[in-house]
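Examination of the molecular architecture
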Amino acid sequence: MTDYAVHEHEEFLTAADEALADPSLQSALSMLADTLGQRNKDAFAELSDSGLLRDRARAIKDATLAELDRHLETLEASVNRRGGQVHYAADGADACQTIAGIIRAAGGRHVVKSKSMTTEEIHLNRALEAEGFHVVETDFGEYILQVAGQRPSHLVAPAVHLRIPQVAKILGDDAGEQLPEDAEKLAAYARRTLRKEFARADVGISGANFAVAETGTVVLVTNEGNGRLTTSMPRVHIALLGMEKVIPQLADLPVFLKVLARAATGQKLSIYTSMITGRRQPGELDGPDEFHLVVLDNGRSRILGGPLRESLFCIRCGACLNACPIYRNIGGHAYGGVYAGPIGAVLTPLYSGLTHHPHLPHASSLCGACQAACPVKIAIPEMLVQLREQLHREPSQANRVENAIYRLWAAMLRRPRLYRLATWLATRTIGRWPGGWIRHLPGLGGWTGARDFPAPAPESFRDWWHREGQA
Ligand code: SF4
């Protein structure tokens, strides 16, 4: 199984270099930018009030998180009223144990799953397989990745890094037969295979895009319909909810459904919006006998009280990935965590520890395209700068050369004469560099390894001002 976990800056650089040199990946990523990225822009442009809608979504998130404890209590009471059970999990291991315990208690063995990044975050499949359960992903992209032994590389298009011939090979090798390089035929093959899994599954596990506190409703947004089968065919349904996904009332839901579909895929609404309110009630024809909602903390309550609280506004639409010039060049696996792209560069250090992922806050040009694309206007560049600052204060991450440069810079800014002398020297030496770009900096090759460094202007602003002022 390919392990893409990247823990070192050097590993990130190597993974990024490999991604840049992979023509198949590059072609897949350029299609992503041309399709999802453009559709997102077009879908929001159609609305006369898209700015207001996004502000509204952001305001609901902000207000909900301010009273998250109260909304979670309401949610629990609502779920209980409909015969469901709520379980709280402090971290990933706790959630995995809780879910395994529910399956065991129900005498389950065959598990089907609908797409859920939160289950990826806690490595649920690995934990359940270690307990002897048979677990099958039923989202087409996730199914391909499970067969291939790979992690998702995008929040909403998990197998976006694979082209059709690669998918045919992966599924064909697994089936022991040659499969056609044709998307529809491959989807038909997966549908036939997965139907058998649905028929024998005793437990269905889903994530939750939202959970409505006042009604106890779990909302799933998909485009394939597998979420409906996962939550209604097996006799037990377990939903894993990141605790920040709760919204207070049903009236809030349309706001999020509108922005999520537009931001994720450019649709007005996703094809399937499933609203699941507890287990099957008397007189209902289908639905599970048991419904369990597992509410996951895994660092979220710590983040809630910190300066990067806004990261909990994220509705996992993937728009910031599609807009990001870094993601669009290196894809998702190089980031090394479950969450990729600009928001992944914030979430992964927050969930797994900044010093384990020192490369991520730097995997951004801070151009702001992510914030502009985000349906809840999360200030991702600002958060990345804050993480860089925290990293800079970490003794284990100290970079002597960088620190010496910063100290020198600070000393110059405090001494106007020294600053004037330094700029005078710079404009008269490297400011006259041929072509205006420096292609190699001695001792600082990392800066110029993949890009040129702009030479200082041949005349400082101060000199220009002085000269023009005299005129
Ligand atoms: S940060 Fe914003 S754009 Fe990125 S996935 Fe989250 S909600 Fe979507």
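See the structure printed just above.
The rules behind these values
Residues numbered from 1 in each chain as written. Predicted model: local features only at pLDDT ≥ 70, side-chain atom pairs only at ≥ 80, totals over all residues. Heavy atoms only, no water. Helix = DSSP H or I, 4+ residues; strand = E, 2+ residues; numbered from the N terminus. Rg over C-alpha atoms; globule rule 2.2 N^0.38 Å. Buried < 20%, exposed > 50% of the residue type's maximum accessible area, 1.4 Å probe, protein only. Contact = heavy atoms within 4.5 Å. Near = heavy atom within 4 Å. 1 Å grid on protein atoms, 1.4 Å probe; cavity = no way out; pocket = protein on both sides within 12 Å on 5 of 7 lines; lining within 4 Å. Sits in = over half its atoms within 2 Å of the grid points. Nonpolar A, V, L, I, M, F, W, Y, C, P; charged D, E, K, R; others polar. Points joined across faces, edges and corners; volume = space filled by probe spheres on them. Pairing = 2+ DSSP bridges. Phe/Tyr/Trp six-rings, centres within 6.5 Å; stacked < 30°, edge-to-face > 60°. Lys NZ or Arg CZ within 6 Å of the ring centre and 35° of its normal. Patch = residues over 30% accessible without salt bridge, like charges linked within 9 Å, V, L, I, M, F, W, Y side chains within 5 Å. Areas by Shrake-Rupley, 256 points an atom, 1.4 Å probe, with all protein chains shown as cover. Salt bridge = Lys/Arg side-chain N within 4 Å of Asp/Glu carboxyl O. Axes fitted to C-alpha atoms, helices over the stretch in contact; angles between N-to-C directions. Core = buried A, V, L, I, M, F, W, Y, C linked by side-chain atoms within 4.5 Å.

Considerations on the overall build of the protein
Looking only at helices and strands, one finds 22 helices and 12 strands in the protein. A globule of 471 residues ought to have a C-alpha radius of gyration of about 23 Å, and the protein, at 25 Å, matches this closely. For the protein, the C-alpha atoms occupy an extent of roughly 90 × 55 × 45 Å along the three principal directions. A burial count over the protein gives 49% of its 471 residues as buried. Within the protein, residue pairs in contact and separated by at least 24 positions form 74% of the contacts whose partners lie at least 6 positions apart.

A short note on the site of the ligand
Lining the immediate environment of the ligand, one finds 14 residues, of which Cys314, Cys317, Gly318, Cys320 and Cys374 sit closest. Judged by its atoms lying within 2 Å of the grid points, the ligand is housed in the largest cavity. Class assignment of the residues belonging to the shell around the ligand gives a composition of 12 nonpolar, one polar and one charged.

Details of empty space enclosed by the protein
All chains considered together, the criterion is met by two cavities of 30 Å³ or more. Taken together, Cys314, Ile315, Cys317, Gly318, Ala319, Cys320, Ile343, Cys374, Pro375, Val376, Ile378 and Ile380 make up the lining of the largest cavity. Residue classes in the lining of the largest cavity are distributed as 11 nonpolar, one polar and no charged. Space inside the second largest cavity adds up to approximately 60 Å³. Lining the second largest cavity are Cys324, Pro325, Ile326, Pro342, Ser364, Ser365, Leu366, Cys367, Gly368 and Cys370.

Describing the sheet that holds strand β5 (residues 210-212)
One open sheet accounts for four strands, arranged β8-β5-β6-β9; its pairing is mixed. Strands with a single pairing partner mark the edges of an open sheet, and in this sheet they are β8 (246-247) and β9 (272-276). Where β5 lies against β8, two bridges are found, and the strand directions are parallel. The residue of β8 that forms the bridge with alanine 211 is valine 246.

As for the pairing of strand β4 (residues 203-206)
Side chains Val203 and Ile205 project from β4 onto one buried face, and the interleaved Gly204 and Ser206 project onto a second face that is buried too. One ladder, built from four bridges, connects β4 with strand β7 (residues 236-242); its direction is parallel. By the bridge assignment, isoleucine 205 is partnered in β7 with isoleucine 238.

Notes on the packing of aromatic side chains
Throughout the structure, instances matching the rule amount to eight aromatic pairs. Each ring, one from phenylalanine 210 and one from phenylalanine 256, has its centre 5.4 Å from the other, and the planes form 40°; the classification is tilted. Taken together, the residues phenylalanine 210 in strand β5 and phenylalanine 256 in helix α12 (residues 253-265) connect sequence positions 46 residues apart. Like phenylalanine 210, the residue phenylalanine 256 is buried in the burial classification. A connected cluster of aromatic rings, assembled from ring pairs, spans Phe12, Tyr327 and Tyr335. For the cation-ring pair, lysine 61 lies above phenylalanine 256, with the distance from its terminal atom to the ring centre recorded as 5.8 Å. Sitting over the ring of tyrosine 339, arginine 316 keeps its end group 4.7 Å from the ring centre.

What about a nonpolar patch on the surface?
Together, Leu418, Leu421, Trp424 and Leu425 make up an exposed nonpolar region whose accessible area comes to about 380 Å². By the element assignment, leucine 425 lies in helix α20 (residues 416-428).

A few points about the sheet that holds β4
With respect to topology, six strands assemble into an open sheet ordered β1-β10-β7-β4-β2-β3, the strand pairing being parallel. Looking at the sheet topology across the chains shown, the edges are occupied by β1 (85-89) and β3 (134-137). This sheet shows a mean twist of 20° between the axes of neighbouring strands, independent of strand direction. As defined by bridge partners, strand β2 (residues 110-113) adjoins β3 across four bridges and the pair is classed as parallel. The partner of valine 112 across the bridge, within β3, is valine 136.

Some points on the pattern of salt bridges
Following the criterion strictly, the structure yields 18 salt bridges and no others. Put simply, aspartate 62 and arginine 309 hold a salt bridge, and the shortest N to O gap is 2.7 Å. Here the residue aspartate 62 occupies a position in helix α3 (residues 50-66), and arginine 309 occupies one in the loop between α13 (300-304) and α14 (319-323), the gap between them amounting to 247 residues. Across the salt bridge formed by glutamate 244 and arginine 300, the nearest N and O atoms sit 2.7 Å from each other.

Notes on the environment of aspartate 62
Looking at aspartate 62, the relative accessible area reads 35%, which means it is partly exposed. The spacing of aspartate 62 and alanine 157 is 95 residues in sequence and 27 Å in space, taken between C-alpha atoms. Aside from chain neighbours lying at most four places away, what touches aspartate 62 is Arg309 and Phe313.

Some words on the nonpolar core
Counting residues in each nonpolar core, the largest one holds 83 residues, and the members touching the most others are Leu75, Phe210, Leu293, Tyr327 and Ile343. Take this core: its biggest share by element is eight residues, from α12. By size, the runner-up hydrophobic cluster in this structure holds 21 residues, among which are Ile103, Leu124, Leu128 and Ile238.

Some details on unusual backbone geometry
Backbone geometry follows two general trends: most residues other than glycine have a negative phi, and most peptide bonds adopt the trans configuration. Positioned with a positive phi, histidine 123 is a non-glycine residue whose angle comes to about 55°. Even without being a glycine, lysine 377 presents a positive backbone phi close to 55°. Relative to the elements of secondary structure, lysine 377 occurs in the loop between α17 (369-373) and α18 (380-393).

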